[in-house]
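# Fold and geometry: a report
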Amino acid sequence: MPAVNAPPSSTEQLLAWFAKFPLALRSRWYDDIQHQLRENGANFDRWQKPGRKLDLYPWLISTADWQQVQAGIAQRHQLLALILQDLYGPQQLVQSGIIPAELLFSNPQFLFESAGLVQQPEQWLPLLATDLGFDHHGQVCAFADSCKAPAGLGFALEHRLALKQSIPELQQLRAKAHLSGFFRQLRFFLQQQGNGIAAILTHGARDEAYFEQAFLANYLDLALVHGADLMFSEQRIWLKTLSGLQPVSALMRFLDDRLTDPLELDSEGAGVAGLLHSIRQQQLFCANPPGTALLDSGILLPFLTAAADYFWQKPLLLNTVQAYWCKETQPLQQVLKNPEQFLLHDLSAQQQYAADNTCALLQRPADFIARQKLSLHMQPCYDQQNPTWQLPAVLRTFSLYQSNQAPLLLPGGFARLGELSQIQLPVIAQDGSELSKDVWVLGIDQPTESLLQPSYNSMPLSREAGLLPSRVAEHLFWLGRYNERLNLLIRALRVALPLLPPTQATQTEQQLYCFIDFCLLANGSPPRQVNEPISVALAQLFSPSNPLSVIGLLKNLIYNAQSVREYFSEDTWLLLDKLQATVYEWQQTPDLQQPMTIIYLLDEMVLLQTAIYGLNNETMSRTQALRFMDIGQHLERALQTSLLLQRIYSQDLPSAGVMEALLRMADTLMTYRRRYRSELNPMAILDLLLLDTTTPRSVGYQISRLHRQTRALPELTSADRQHLPALTTELSQLLEQVSTQQLDANYPSCLTLHAQLGQLQYLLRQLSNELSLCYFTHAHRSSPWSMS
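## Digging into the overall build of the chain
Looking only at helices and strands, the chain has 30 helices and 21 strands in total. The 788 residues of the chain split such that 57% are buried. In the chain, the proportion of contacts linking residues at least 24 apart, taken out of those at least 6 apart, comes to 73%. Of the roughly 32,700 Å² of accessible surface on the chain, a fraction of 50% belongs to carbon and sulfur atoms.

Structure follows, in structure tokens:
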């Protein structure tokens, strides 16, 4: 099979086209592309590691070369599916001696629990990812397969869309195959598996892979679910939503095999108990079912040629890498003689490394598969300083296997570039450190690009918002809480930093420390120690490595937003990206001698957050999704405002400086002046920020809004319905008991107010817990929900 590459003239034409444009414009294009990836979540943790980047130049592949790759991948896909069906079924390959029994049964990726799980080859392997390199003859060669989760499929789509949006002029340079046909077929394939919901099952961990899956779910219009979103009942899997249990008919799995079913596999798994049983009963279609990770281990690489001959009596169309089981004497000696030519797969530890580390190999040869290192194609890459820069590249292809059809290959793929020693491993790097390319297959007619198809037939109109999974509601609720908490902390720092003395503070000035103490307590940090320098507390609040800092708070906000990114407009994501960029400019320890630098950044953050609030209110439909975010926001504002008032009124009545700072922080200074002119009265301020239900920043306003919003939530059972109204009613009654008339300047202490504010915070936390129990974890439900 020839090299996978376009004719030189095509690549030269591409580079010549880019060379026509000024260097500044090319640099801007490159930055725009990286910005697109950052918005999509590729750069999910910029404080700790660099983001995955997309090269400016696509990888061009000719039609003729691609057709041969397509035939080879289709045959390989069918063969691997047959092998899986056999190994988890009659095991003829083992009985005939083609695959050693010892090697198979000792492999931790072989799941005895998956024996007979599905009946047809295509059910064993609906999706396959294959990594391609070049053998020593310069021919295309498959060197690894990824089956448990086709990592990179979402990246391939993301790269195409990012390049198209950033450089629209480039799209007209050459005719190429579009990716939408493959994704349209994938969506149809999953949705036709039954009368239930099709979903992507993810691990839920905070890493780059999760955001790839969220991007893919959004594009395919599939539910993105965690194991906690699902439950097993009546012989099948159900999705917990606010409107009841909904049946799940198909899952596209991005979860390790042993983690999928805590009942039959790993008891600590993040999947759902009963998943294997649902697959056996044909109540659930899974792409790919648990057990397919056996292929990822590399165990079959030495035996593919023999397996093809056993099943079909014909050779493979696509070369496979030379690989050996090291227990066999002759292959072991060959590896030991030329270790620099091989990579080792440690089957027991599921790790890979160079064969020059022979100690473990000599001790446990049966635990190792050795495969030859391959040459990689050198691809031109964009670099401002070096116009001839090239890097070795690996191409990962993706294929879909459906009943009664040949496997369908995505016309493109996911290309990774980098040093040979790093990139040749058949895994997707999750440290965000790699450079990628978009892959173009040239010379093919262009079908419609978008998955959204025009329809001119009459159809019933709808104002339904669709199903809202409980996990999505929880992310929106916490997004509202984190967003409001961040806003309050920024406002507190903004009023406190200019007033904090650079040296030892007087007793009056020390009262301003209550704002810094509030910032610590609001985000879960322990309170400041007596006589502890204020610089220590500020260092905690500004440290990028402290999970309870303002930066840690922003990370939680972004994570929850990215987990439900389909609910927000592109403009909202632009503002979120600008919000992140502003925080990156913070000093870890602010200079109190010159606080204005950080004050300017805080001002910008307040404006960006205000814009985010406004955009969400202007663009989001008035559905339960917005309601849960609104409840989270106002619950957090009530909780933290009462905490701040408790700190300020805890001992002595506040000084004039503290009272003015409090009004500025709550953005109510002008409201107060219109009512009371220039006289700062602590009880008038308390009335404004605690009891006044017409002030948007007051606790009373928040409780009134929570009372109204919680009553508009989906109906619960009669037992559950009593809890939430009772809590909001108790909150209202508690506020009515607070009397500012008793708390005048002659009142010796504020202990009564302190206790009332503490009780208020307790009830607000109870309200948060009750919302979680009723709508997120469903702990109150002793029987399955109705399916209406």
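Next comes the rest of the account.
## Focus on the pattern of salt bridges
Considering all chains together, one arrives at 21 salt bridges under this definition. As a salt-bridge pair, Asp517 and Arg528 come within 2.9 Å of each other at their nearest N and O atoms. Of this pair, Asp517 sits in helix 18 (residues 513-522) while Arg528 sits in the loop between helix 18 and helix 19 (534-542), and the two are eleven residues apart along the sequence. Between Arg647 and Asp517 there is a salt bridge; the shortest N-O distance is 3.4 Å. Of this pair, Arg647 sits in helix 23 (residues 624-648) while Asp517 sits in helix 18, and the two are 130 residues apart along the sequence. Since its relative accessible area comes to 9%, Asp517 is described here as buried. Linked through salt bridges whose partners overlap, the residues forming this network are Asp131, Arg396 and Arg416.

## Considering the packing of helix 20 (residues 550-563) against helix 21 (residues 570-584)
Helix packing geometry: the angle between the two helix axes and the distance between the axes. For the pair helix 20 and helix 21, interaxial distance at closest approach is 11 Å and the crossing angle is 160°. Classified by the angle between their axes, helix 20 and helix 21 sit roughly antiparallel to one another. Seen from above, helix 20 lies across helix 21 with left-handed handedness. Counted together, Ile551, Leu554, Leu557, Ile558, Ala561 and Gln562 of helix 20 and Trp573, Leu576, Leu579, Gln580 and Val583 of helix 21 form the full contact between these two elements.

## Let's talk about the nonpolar core
Phe515, Phe518, Leu690 and Leu760 are the most contacted members of the largest nonpolar core, which totals 105 residues. Of the residues forming this core, the biggest block, 14 residues, is contributed by helix 16 (residues 470-496). Those residues within four positions of Phe515 in sequence are excluded, and the remaining contacts are Ala492, Val495, Ala496, Leu644, Ile648, Val658, Ala661, Leu662 and Met665. In terms of nonpolar packing, the next biggest core, distinct from the first, is built from 62 residues, Val118, Phe143, Val272 and Ile369 among them.

## Quick word on the pairing of strand 4 (residues 140-146)
It is a general feature of regular strands that their side chains alternate between the two faces of the sheet. For strand 4, the buried fraction is high: seven of the seven residues fall into the buried class. Judged from the six bridges that link them, strand 3 (residues 127-134) and strand 4 form a sheet pairing that is antiparallel. Within strand 4, the residue paired with Ala129 across the bridge is Ser146. Where strand 3 folds back onto strand 4 in an antiparallel hairpin, the turn is made up of five residues, including Gly138, whose phi is positive at roughly 80°. Direction of pairing for strand 4 relative to strand 11 (residues 319-320): parallel, over a ladder of two bridges. Bridged to Ala142 within strand 11 is Thr320.

Rules and cut-offs
- Sequence order as written defines residue numbering, which begins from 1 separately in each chain.
- A pLDDT threshold of at least 70 governs which residues receive local features in this predicted model, and a stricter bar of 80 or more applies before side-chain atom pairs are shown or counted, although totals over entire chains, interfaces and linings include all residues.
- Side-chain numbers here rest on the full set of heavy atoms in the structure, without hydrogens or water.
- Numbering of helices and strands starts at the N terminus; helices are DSSP runs of H or I of at least 4 residues and strands are runs of E of at least 2.
- Remark: exposure states derive from per-residue accessible area (1.4 Å probe, protein chains only) relative to the maximum for the residue type, with buried under 20%, exposed over 50%, and partly exposed in between.
- The contact criterion used throughout is that any non-hydrogen atoms of two residues lie within 4.5 Å.
- Here, Shrake-Rupley sampling with a 1.4 Å probe gives the accessible areas, and only protein chains in the shown set may cover a residue.
- A pair is scored as a salt bridge if a Lys or Arg side-chain nitrogen falls within 4 Å of a carboxyl oxygen belonging to Asp or Glu.
- Between the N-to-C directions of two axes lies an angle of 0 to 180 degrees, each axis being a line fitted to C-alpha atoms and, for a helix, fitted only over the stretch in contact.
- When an angle is under 35 degrees it counts as roughly parallel; over 145 it counts as roughly antiparallel; between 65 and 115 it counts as roughly perpendicular; any other value is oblique.
- We call a crossing left-handed when the near helix sits turned anticlockwise from the far one by less than a right angle, and right-handed when that turn is clockwise.
- Buried Ala, Val, Leu, Ile, Met, Phe, Trp, Tyr and Cys residues that are joined via side-chain atoms within 4.5 Å together make up what is termed a nonpolar core.
- For two strands to be treated as a pair, DSSP must find at least two bridges joining them.

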